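Read off the chains here:
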Amino acid sequence: MNKLGIYLHTPFCVRKCSYCDFYSAPGSPEEADAYADALCAQIRGAKDARPVDTVYFGGGTPTTLGVRNLVRILNAVRETFPVDEDAEITLEANPGDLCLRPMDGGEQRITALAILHAAGFNRLSFGIQSSDAEELRLLGRRHSFPEAAETAALARAVGFENLTLDLMYGLPGQRMETWEQSVRDILSLSPEHISCYGLKLEPGTPLFARESDLPEDEACLSQYLRMIELLEAAGYRQYEISNFALPGRQSRHNRKYWCGAPYLGFGPSAHSYSGGVRWAWEDDRAAFTRGIYREKERIALTARDDLEEQIMLSLRTTAGLSPAVLPEELQAGAQHILEKYIPHGLVRRQEGRYVLTPRGMFVSNHIIGELFDLIPD
């Protein structure tokens, strides 16, 4: 039986970032408590008894709810589902914000981290993004790199043995020197997992006005390839377009998305998938906080949907795609498309499968799109 992943969506940010459109933080402790109450109630109303082996708190900055509320929500999951003793339980956090109320000094931060660890959280995901002060200012981040490094050290001190750190490339005006330094600085913190994302701008956000300042595709490709070179030299292996890990430290929860495993999402706009069906909750935080959980239309995936997902998810990972798993009438065409990219250094053969090279990963959407065109309507 495929075990469930649980995703808890918290659409809050301490402040609106320059590059995203998340909601701002709760306006008061009472608002945070009300949201946590609603999330706990929704979880407890779930009609599913399958065992759970991953729990992921994300979507914005969950720590804006406060440590006490995070523990309450995790307890609600445990009271509702049979959670494995060794389940991976991840919390996204900004390095400088570990509870709703401002914290002054390392002692309070280490107390918050100790409470979270004792409650069962065993994996922290810190959105560091850059070690360059000007780039952090551009992104609207509240922390400096020394503060992020201190938070990571405090997490280690209370017992966290699984850290994942995020980096961002392709920023307006970003130079190769600052990008390399950010990668080296992240490596100096010895995380088990590193995620590296290219900047994608949302219309209406402050950085969207600087879209013309973004590096050219060739410059972004150079940053991407240099990042892979530095990470691999340090022992990290790429297992998905944006994700790298030390041996045995891949994200168990994210792999569920890429492998078609079932997961349940809770919170406004959270998505779920199980048994070939996708659904989501409406993106209405105010109604959700009042206990009104409106589900969007459930969509049963068609045979074409399943095939497209299989192609896309396989080629996003370093496991690659075997044409033999495709319908017989598509196998020759898929093999022809993938073979033609081998001389260009975008695809390689590996034990009967076709795997995108780092350069191929960077242009994966184009290659995947060609394969989609093979599928008859």
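Data block above holds the structure.
The text that follows walks through the structure, step by step, so that each part is easy to find.

Criteria and thresholds
- Residues numbered from 1 in each chain as written.
- Predicted model: local features only at pLDDT ≥ 70, side-chain atom pairs only at ≥ 80, totals over all residues.
- Heavy atoms only, no water.
- Helix = DSSP H or I, 4+ residues; strand = E, 2+ residues; numbered from the N terminus.
- Rg over C-alpha atoms; globule rule 2.2 N^0.38 Å.
- Buried < 20%, exposed > 50% of the residue type's maximum accessible area, 1.4 Å probe, protein only.
- Contact = heavy atoms within 4.5 Å.
- Lys, Arg positive; Asp, Glu negative; His and termini not counted.
- Charge placed at Lys NZ, Arg CZ, Asp CG, Glu CD.
- Core = buried A, V, L, I, M, F, W, Y, C linked by side-chain atoms within 4.5 Å.
- Pairing = 2+ DSSP bridges.
- Right-handed = clockwise from strand over helix to strand, strands pointing away.
- 1 Å grid on protein atoms, 1.4 Å probe; cavity = no way out; pocket = protein on both sides within 12 Å on 5 of 7 lines; lining within 4 Å.
- Points joined across faces, edges and corners; volume = space filled by probe spheres on them.
- Nonpolar A, V, L, I, M, F, W, Y, C, P; charged D, E, K, R; others polar.
- Expected span 1.5 Å × (residues − 1).
- Salt bridge = Lys/Arg side-chain N within 4 Å of Asp/Glu carboxyl O.
- Axes fitted to C-alpha atoms, helices over the stretch in contact; angles between N-to-C directions.
- Parallel < 35°, antiparallel > 145°, perpendicular 65-115°, else oblique.
- Left-handed = near helix turned anticlockwise from the far one by under 90°.
- Polar contact = N/O pair within 3.5 Å; in protein donor to acceptor, adjacent residues only side chain to side chain.

**Some words on the overall build of the protein chain**
Across its full length, the protein chain holds 13 helices and 14 strands. On C-alpha atoms alone, the protein chain measures out to a radius of gyration of 21 Å, which is about the 21 Å that the 2.2 N^0.38 rule sets for 377 residues. Relative to its 377 residues, the protein chain shows a buried fraction of 53%. Long-range pairs, those at least 24 residues apart, make up 73% of the contacts in the protein chain between residues at least 6 apart in sequence. Separation between the mean location of the 39 positive side-chain charges and that of the 52 negative ones in the protein chain comes to 3 Å.

**Here's the deal with the nonpolar core**
If you look at the biggest cluster of nonpolar residues, it comprises 88 residues, and the most contacted ones within it are Leu8, Phe81, Phe121 and Ile311. Excluding residues within four positions of it along the chain, Leu8 makes contact with Leu39, Ile43, Val55, Tyr56, Phe57, Gly58, Ile73, Val77 and Phe266.

**Examining the pairing of strand 5 (residues 163-169)**
The element strand 5 is largely enclosed, with a buried count of 7 among its 7 residues. The sheet contact formed by strand 4 (residues 123-129) and strand 5 spans 4 bridges and is parallel. Among the inter-strand pairings, Leu124 is bridged to a residue of strand 5, identified as Leu163. Relative to strand 6 (residues 193-198), strand 5 runs parallel, the two sharing 6 bridges. In the sheet register, Met168 faces strand 6, and the bridge partner there is Tyr197. What joins strand 5 to strand 6 is helix 6 (residues 176-187), and the crossover it makes is right-handed.

**So, empty space enclosed by the protein**
Throughout the structure, instances matching the rule amount to 2 cavities of 30 Å³ or more. By volume, the second largest cavity is sized at about 50 Å³. As for the second largest cavity, its lining consists of Pro268, Trp281, Glu282, Asp284, Phe288, Ile292, Tyr293 and Arg294. Grouping the constituent residues of the lining of the second largest cavity by class yields 5 nonpolar, no polar and 3 charged.

**Some words on helix 5 (residues 145-157)**
Its 13 residues give helix 5 an end-to-end C-alpha distance of 18 Å, which sits within 8% of 18 Å, the value for a rise of 1.5 Å per residue. Positive backbone phi, approximately 120°, marks Gly159, located one or two places after helix 5.

**Quick look at the pattern of salt bridges**
Applying the stated criterion across every chain, the model contains 22 salt bridges. Between Glu339 and Arg349 there is a salt bridge; the shortest N-O distance is 2.7 Å. Note that Glu339 is positioned in helix 11 (residues 328-340) and Arg349 in strand 13 (residues 347-350), a separation of 10 residues in sequence. Connected through salt bridges with shared partners, the residues Glu180, Arg184, Arg226 and Glu229 form a single ionic network.

**Quick word on the packing of helix 10 (residues 303-316) against helix 13 (residues 364-372)**
Put simply, helix 10 and helix 13 touch, their axes get as near as 10 Å, and they point 150° apart. On the basis of their axis angle, the class for helix 10 and helix 13 is roughly antiparallel. Crossing of helix 10 over helix 13 shows right-handed handedness. Of the residues in helix 13, those touching helix 10 at Arg304, Glu308, Ile311, Met312 and Leu315 are Ile368, Leu371 and Phe372. Here the contact of helix 10 with helix 13 is composed, by residue class, of 6 nonpolar, no polar and 2 charged.

**Brief notes about the pairing of strand 7 (residues 237-240)**
Across 3 bridges, the pairing between strand 7 and strand 8 (residues 243-245) is antiparallel. Residue pairing across strands places Glu240 opposite Asn243, the latter belonging to strand 8. Connecting strand 7 to the next strand, strand 8, in antiparallel fashion are 2 residues.

**Digging into helix 1 (residues 29-44)**
Taking 1.5 Å of rise per residue, the 16 residues of helix 1 would be expected to cover 22 Å, and the 22 Å separating its terminal C-alpha atoms lies within 8% of that figure. By the burial criterion, the buried members of helix 1 are Ala32, Tyr35, Ala36, Ala38, Leu39, Cys40, Gln42 and Ile43. Elements that come into contact with the buried residues of helix 1 comprise strand 1 (4-9), helix 2 (67-80), strand 9 (263-266) and helix 9 (285-289).

**Details of the environment of Gln250**
Here Gln250 is to be found in the loop between strand 8 and helix 8 (252-259). Classification of Gln250 as partly exposed rests on a relative accessible area of 31%. In sequence terms Gln250 and Asn365 are 115 residues apart; their C-alpha atoms lie 23 Å from each other. When neighbours within four sequence positions are excluded, Gln250 is seen to be in contact with Glu88, His193, Tyr239, Ala245 and Arg255. Among the polar contacts made by the side chain of Gln250, one reaches the side chain of Arg255 at a distance of 2.8 Å.

**Quick look at unusual backbone geometry**
With a phi angle near 75°, Gln129 is a residue other than glycine that sits in the positive phi range. You can see Gln129 is positioned in strand 4. Located in the positive-phi region is Ser190, a residue other than glycine, with phi close to 55°. Summarising the element assignment, Ser190 is placed in the loop between helix 6 and strand 6. Of the residues examined, Ser190 reaches a relative accessible area of 44% and is grouped as partly exposed.

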